[in-house]
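# Reading the structure
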Amino acid sequence: ESDAGDYTCACGDKQSTASLAVHALPVLFKEELKNEEVLEGASVSLCCELTKAAPVQWKIGSKVLKASNKYEMRQPGTTAELVIHDLEVKDA
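Cut-offs used in this document
Residues numbered from 1 in each chain as written. Predicted model: local features only at pLDDT ≥ 70, side-chain atom pairs only at ≥ 80, totals over all residues. Heavy atoms only, no water. Helix = DSSP H or I, 4+ residues; strand = E, 2+ residues; numbered from the N terminus. Buried < 20%, exposed > 50% of the residue type's maximum accessible area, 1.4 Å probe, protein only. Contact = heavy atoms within 4.5 Å. Polar contact = N/O pair within 3.5 Å; in protein donor to acceptor, adjacent residues only side chain to side chain. Pairing = 2+ DSSP bridges. Core = buried A, V, L, I, M, F, W, Y, C linked by side-chain atoms within 4.5 Å. Axes fitted to C-alpha atoms, helices over the stretch in contact; angles between N-to-C directions. 1 Å grid on protein atoms, 1.4 Å probe; cavity = no way out; pocket = protein on both sides within 12 Å on 5 of 7 lines; lining within 4 Å. Points joined across faces, edges and corners; volume = space filled by probe spheres on them. Nonpolar A, V, L, I, M, F, W, Y, C, P; charged D, E, K, R; others polar.

Moving on: the environment of Asp 6. Take Asp 6: it is sitting in strand E1 (residues 5-11). When its relative accessible area of 59% is taken as the criterion, Asp 6 is described as exposed. The spacing of Asp 6 and Gly 41 is 35 residues in sequence and 58 Å in space, taken between C-alpha atoms. Beyond its immediate stretch of four places on either side in the chain, Asp 6 contacts Thr 17, Ala 18 and Ser 19. A polar contact is formed between the side chain of Asp 6 and the side chain of Ser 19, at a distance of 3.3 Å.

This brings us to the pairing of strand E7 (residues 71-74). Sheet topology note: the E7/strand E8 (residues 79-84) ladder contains four bridges and is antiparallel. Bridging across to E8, Met 73 finds its partner in Leu 82. Adjacent in sequence and paired antiparallel, E7 and E8 are bridged by four residues, among which Gly 77 carries a positive phi angle near 65°.

Counting nine residues, the largest nonpolar core is built from Val 44, Cys 48, Trp 58, Leu 65, Tyr 71, Ala 80, Leu 82, Ile 84 and Leu 87. Those elements that place two or more of their residues in this core are strand E4 (44-50) and E8. Counting residues per element, this core draws most heavily on E8, which supplies three residues. Those residues in contact with Leu 82 that lie beyond four places of it in its chain are Val 44, Ser 45, Leu 46, Trp 58, Leu 65, Tyr 71, Glu 72 and Met 73.

Sheets are built from strands paired through backbone hydrogen bonds, the pairs being either parallel or antiparallel. Spatially, the four strands line up as an open sheet ordered E3-E4-E8-E7, and their pairing is antiparallel. Two strands bound the open sheet, and with one partner strand each, they are strand E3 (29-31) and E7. Pairwise comparison of adjacent strand axes, ignoring direction, gives a mean angle of 25° for this sheet. As paired elements, E3 and E4 share two bridges and run antiparallel to each other.

Okay, the layout of surface pockets next. A volume near 430 Å³ is recorded for the largest pocket. As for the largest pocket, its lining consists of 20 residues, of which Val 44, Ile 84, Leu 87, Asp 91 and Ala 92 are closest to the centre. Those elements that place two or more of their residues in the lining of the largest pocket are E4, strand E5 (59-60) and E8. Split by residue class, the lining of the largest pocket holds 14 nonpolar, no polar and six charged.

This is the structure we're talking about:
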C-alpha cells in the first residue's frame, strides 16, 4: 500500500504521469492452530502462520488475553505464537 501514489516519467521538458492504486490482500491463515493435550504444570506453545504480517489478538472464549507471567505472546514476521506457562486444568 505504501507504493501507491503518482508516478512521473520525465524526458527533457516532456512528462507523463500516472496514478497507482494498490489494493491490500486480505490476511489469511496459512497454517491454523492445532489442538494440544498437555500435562498440568507444563507449558504449551500455540502457533499459527498468516499470509502476511498483521496484528493478532489472542483470546480464550471471549476473554482477550494480555501478556503476563502466564501468557507470553510472540510474533516474529508472519508467525503468531502464544506460550501458556504453568498450565492448570482451568486453562483448557
